[in-house]
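Observations on the model geometry
The lines below spell out each chain.
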Amino acid sequence: MNNRLFDLKHGLDTKSHRDQVTVYKKGLKLTQTVHASRYSVTSLLALRDLFSALDLNSDNILLDVGCGKGLVLLAALEFNFKEIRGFDHSQFLCDIAINNCLKYQKKLGTNTTVKINGVSAIDYQFQDDENVLYLYNPFDDYISEKFLEMVESSLNRNKRKMLIITHRWPGKELIKQRFKPSIEKSYTFWGKRFNIFQI
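Model, not experiment: these values are computed from the prediction. (Residues numbered from 1 in each chain as written. Predicted model: local features only at pLDDT ≥ 70, side-chain atom pairs only at ≥ 80, totals over all residues. Heavy atoms only, no water.)

1. Structural notes on the pairing of strand β3 (residues 113-118)
Here is the rule we go by: Two strands form a pair only when DSSP identifies at least two bridges running between them. Each helix corresponds to a stretch of at least 4 residues labelled H or I by DSSP, and each strand to a stretch of at least 2 residues labelled E; elements are numbered beginning at the N terminus.
Two strands pair when backbone bridges link them, and strand β2 (residues 83-88) and β3 are joined in this way by 6 bridges, in the parallel orientation. Counterpart to D88 in the pairing with β3 is G118.

Spelled out as structure tokens, the structure:
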């Protein structure tokens, strides 16, 4: 099932949001977008195949960095995550993501905890139990460096294994330099390439 059919079947809204004027009217400041990427979505089918291939378990807490309307969170609801979290600098998009997740949770009959926050990457309070990060090109190298500093600080506070999943994100080179991953893999599903780093 492609993304559009998925939306229609379940009454959701995950389509790419190109109306930046509306986003600004809903509270996002132009200065907040300087280092950010435009909102876009990946393939639901690819995400399902990816999560299946990674064989994640109920100890995993997923954080979607720049969650937009929540497509990654929706796909994750179909899997056995302990908790699912996301944040985005646009509260407007977060509100859509919250609505999407509530609807889909009801359809699935799952009570997985979902937390979505309207906050920038710089202001996000990184939690020391988050151990699976998903980044679909959310921001440029400037913010990437600052965000990865927060990840490193969290790992120093609570040493744990962490999986970082990237898709179309140039910051993957920064991950290699900063963390020297113990495992590095790539998967391609439905024409979408994902890079996986175990740190």
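More follows now that the structure is in view.
2. Some remarks on the pairing of strand β6 (residues 183-189)
Inspection of the sheet shows β6 paired to strand β7 (residues 192-198) by 7 bridges, in the antiparallel sense. Its bridge partner lying in β7, K185 is registered against I196. Linking two consecutive strands that pair antiparallel, namely β6 and β7, is a turn of 2 residues; a positive phi of about 50 degrees is found at W190 within it.

3. A closer look at the pattern of salt bridges
Put simply, the rule is: By convention in these notes, a salt bridge is any Lys or Arg side-chain nitrogen within 4 Å of a carboxyl oxygen on Asp or Glu. For every residue, the accessible area obtained with a 1.4 Å probe (protein chains only) is divided by the maximum for its type, and the residue is called buried under 20%, exposed over 50%, and partly exposed between those limits.
Counting across every chain of the model gives 12 salt bridges. A salt bridge links K115 to E83; its shortest N-O distance comes to 3.4 Å. With a gap of 32 residues between them, K115 in strand β3 and E83 in strand β2 connect regions that are remote in the sequence. The salt bridge involving E184 is made with K176; its shortest N-O contact spans 3.2 Å. Residue classification places E184 among the partly exposed residues on the basis of a relative accessible area of 45%. Taken together, the shared-partner salt bridges in this structure form one network comprising E83, R85, K115, D129 and E130.

4. Overview of the sheet that holds strand β5 (residues 163-166)
Rules: To define axes, lines are fitted to C-alpha atoms, for helices over the stretch in contact only, and angles between the resulting N-to-C directions are given on a 0 to 180 degree scale. Pairs of residues are marked as contacts when any of their non-hydrogen atoms sit within 4.5 Å.
If you walk across this open sheet you meet the 7 strands as β3-β2-β1-β4-β5-β7-β6, and the pairing is mixed. The sheet is open, and its two edges are formed by β3 and β6, each paired on a single side. Adjacent strand axes in the sheet meet at a mean angle of 15 degrees when their direction is disregarded. Bridging between strand β1 (residues 61-65) and strand β4 (residues 132-135) involves 4 bridges; their strand directions are parallel. For L62, the partnering residue across the bridge sits in β4 and is V132. Against the sheet, helix α6 (residues 141-157) contacts β1, β2 and β4, and its axis sits at roughly 175 degrees relative to β4. Packed onto the sheet, helix α7 (residues 172-179) meets β5, β6 and β7 and runs at close to 10 degrees relative to β7.

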